[in-house]
Amino acid sequence: MSEISGKASAATTKKSTAKGDSSFTPTPEILSLWKEIHGNLRNEFGEAVFRSWLKPLTLQACYHGTLEVSVPTRFMRDWIQTHYATRILEMCATVNAEIKRLEIVVVQNAAIFDDTPKTQDTKQKVIRKANQNEKAAEASLDVTSPFDPRFSFDTFVIGKPNALAHAAAQRIVESQNVPFNPLFLYGGVGLGKTHVMHAIGWAMKKQWPEKKVIYLSAEKFMYQFVRALRSKDTMMFKETFRSVDILMIDDIQFMSGKEATQEEFFHTFNALVDQNKQIVISADKAPSDLLGLEERLRSRLAWGLVADIHPSTYELRLGILQSKRSLLQADIPDAVLEFLALKVTSNIRELEGALNRIIAHADVTKQLVTLETTQDVLQDLLRSHDRRITIDEIQRKVAEHYNIRMTDMHSARRARNVARPRQVAMYLAKQLTARSLPEIGRKFGGRDHTTVMHAVRKIDELMNEDPQIAQDVEIVRRALTG
Ligand code: ADP
Ligand code: MG
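Treat the numbers as computed from the prediction; the structure is a model and nothing was measured.

Asker: Requested: an account of the site of ligand 1, with residues and values cited.
Answerer: As a structural note, the neighbourhood of ligand 1 is formed by 17 residues, with V157, G190, T194, H195 and E352 the closest of them. One of the backbone nitrogen or oxygen atoms of L191 is found 3.2 Å away from an oxygen atom of ligand 1. Elements supplying a minimum of two residues to the shell around ligand 1: α8 (193-207) and α15 (348-365). Looking at the shell around ligand 1, its residues break down into 7 nonpolar, 7 polar and 3 charged. Two domains each provide a minimum of three residues to the shell around ligand 1, namely domain 2 (163-308) and domain 3 (314-384).

Asker: A description of the side chain of S152 should follow, citing residues and the corresponding values.
Answerer: Position of S152 relative to the elements: it lies in the loop between α6 (120-139) and α7 (163-174). Residue S152 is classed as buried on the basis of its relative accessible area of 14%. In contact with S152, not counting residues within four places along its chain, are H195, A199 and W202.

Asker: Summarise the environment of T390; cite the residues concerned and give the values.
Answerer: Examined against the element boundaries, T390 turns out to sit in the loop between α17 (379-386) and α18 (391-402). T390 sits in the partly exposed class, given a relative accessible area of 39%. For the pair formed by T390 and A434, sequence separation is 44 residues and the distance between their alpha carbons is 9.5 Å.

Asker: Any chance you could break down the nonpolar core for me, citing the residues and the numbers?
Answerer: In terms of nonpolar packing, the biggest core is built from 59 residues, with L54, I252 and F265 touching the most fellow members. Per element, the largest residue contribution to this core is 7 residues, and it comes from helix α2 (residues 28-45). In terms of domain composition, this core takes at least three residues from each of domain 1 (3-106) and domain 2 (163-308). Not counting chain neighbours up to four residues away, the residues in contact with I252 comprise F184, A218, F265, I281, S282, A283, L290 and L293. Judged by nonpolar contacts, the second largest core, of 29 residues, contains A399, V418, I440 and V456.

Asker: Any chance you could break down helix α4 (residues 74-83) for me, citing the residues and the numbers?
Answerer: Of all the positions in α4, only F75, M76 and I80 are classed as buried. Here the buried residues of α4 occupy an arc of 125° about the axis, which is enough to place them on one side. Elements that come into contact with the buried residues of α4 comprise α3 (47-54), β2 (66-71), α5 (85-95), β3 (101-106) and α9 (218-230).

Asker: Give a description of the pairing of strand β1 (residues 58-63) that names residues and reports values.
Answerer: Counting buried positions along β1 yields 6 of 6 residues, so the element is predominantly enclosed. As paired elements, β1 and β2 share 5 bridges and run antiparallel to each other. Residue T58 lies in a different strand from β2, and its bridge partner there is S70. Hairpin connection of β1 to β2: 2 residues between the antiparallel strands, including H64 at a positive phi of 40°.

Asker: Describe the pattern of salt bridges, and please don't skip the residues or the numbers.
Answerer: Pairing between side chains of opposite charge can happen when the charged atoms of each approach one another. For the structure shown, the criterion picks out 19 salt bridges. One salt-bridge network, in which partners are shared between bridges, spans E44, R87 and E90.

Asker: Could you give an account of the packing of helix α10 (residues 234-242) against helix α11 (residues 259-274), with specific residues and numbers?
Answerer: Describing two packed helices takes the angle between their axes plus the distance from one axis to the other. At their nearest, the axes of α10 and α11 sit 10 Å apart, and the two run at 45° to each other. The orientation of α10 with respect to α11, classified from their angle, is oblique. The handedness of the crossing between α10 and α11 comes out as right-handed. Here F237, K238, F241 and R242 of α10 come into contact with α11, specifically with E264, H267, T268, A271 and L272. Its residues placed into classes, the contact of α10 with α11 shows 4 nonpolar, 2 polar and 3 charged.

Parameters and conventions
- Residues numbered from 1 in each chain as written.
- Chains lettered and ligands numbered in written order.
- Predicted model: local features only at pLDDT ≥ 70, side-chain atom pairs only at ≥ 80, totals over all residues.
- Heavy atoms only, no water.
- Near = heavy atom within 4 Å.
- Polar contact = N/O pair within 3.5 Å; in protein donor to acceptor, adjacent residues only side chain to side chain.
- Helix = DSSP H or I, 4+ residues; strand = E, 2+ residues; numbered from the N terminus.
- Nonpolar A, V, L, I, M, F, W, Y, C, P; charged D, E, K, R; others polar.
- Domains from an automatic or database assignment.
- Buried < 20%, exposed > 50% of the residue type's maximum accessible area, 1.4 Å probe, protein only.
- Contact = heavy atoms within 4.5 Å.
- Core = buried A, V, L, I, M, F, W, Y, C linked by side-chain atoms within 4.5 Å.
- Arc of directions from axis to C-beta.
- Pairing = 2+ DSSP bridges.
- Salt bridge = Lys/Arg side-chain N within 4 Å of Asp/Glu carboxyl O.
- Axes fitted to C-alpha atoms, helices over the stretch in contact; angles between N-to-C directions.
- Parallel < 35°, antiparallel > 145°, perpendicular 65-115°, else oblique.
- Left-handed = near helix turned anticlockwise from the far one by under 90°.

In short, geometric facts, not functional conclusions.
Here is the structure:
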């Protein structure tokens, strides 16, 4: 999250926090402190936990030794409170000893004010939009999430990697009836899945204003479902989801291992397909690779059109940068855009983040953007992209750290003192390389991909429970990435 967006969210949602006094608006120091801590959370808790729970944490205020952060739902607040709050506070306190308390508040829509520096004018528009959406959401049982005004078809740059997903999405908007069901979009983090879904939402509103469109994350679906169960109001829940024209569920991988939610979703899915209503799903993997989902659901998901968003190409990245430059009316030389497109290859979100940082830096320092300032500002980012970590390296470092032999990484020995380090190495291989689970398994003496998946989950879990493991993983990670 950029510094600017932090300010925007704090300023725009303050009224909904308990302490709305403007003197509590975070200072630049606190903002950068929070940025650092938030970044560290990913290392501390692992990618999966970070993405599911910690990423949405947004800095709201800092006052009298209390750091106030927000999350979009009560459910998340409670969960973070019981599982992560103590550790987060500890981390805060190490960075700034004055912080004594962590307060987690619920601010709906906080998540939509992220990433992009906005002019005052668009900021106002965004706020108004968010308010409107909030009202709409209330009327429909609060199940649908607002669409991000930045994510429309107009702002989506089409390239080879996303052409199929884009065409499929447009087909849905243009069709009188359901062209394929479901549309299943999948691809890695930050490649545009959510953007495409929001674009469908905006376009539907325009083209078919009478149609009822529901968009929400799988996590929110689960939350709604659990709440319905608790308040014994599943009728209302079923009613709401089964009376829509288009149901879009983002990041379905979140349902992995959550059997009751999957079951309910499966029935909703079937009911909608029966009524010939459109369903759009996104995930980080192909249906057949969603191993935490029940077989019948997985096969159902693959029934319609499966559209894979591939990692971006140089041309697409350059196109996106050019489009953003003109949208933001920023004065940036072509050479800088070309440089970024060449160097920041991981995903589009990171690419946008890099561009935003350069713009913010130029803004603050009143300097022109040049290749030199760019390299300077993005030093840390570029360094991490210059090196590709291999599974071999990971195995070697982990073996070194635990003082076991390299051959134990491949061996079938199950003794705890070698099995655990091996799991740590698998975990890091998943986190630090782009290798798939089967590929990783092969590198570990031809193990099955489910073994790797189990290891990744296990370590993720252990890192939450056992500070020693968390620390071991962190030390090796640093040694590899530092
Ligand atoms: P995902 O949901 O796949 O993790 P997002 O949809 O959130 O990714 O996209 C991450 C960021 O990249 C968003 O800000 C989005 O607008 C931007 N983005 C991704 N693909 C494109 C594209 N083809 N054109 C313009 N912006 C894009
Ligand atoms: Mg997404």
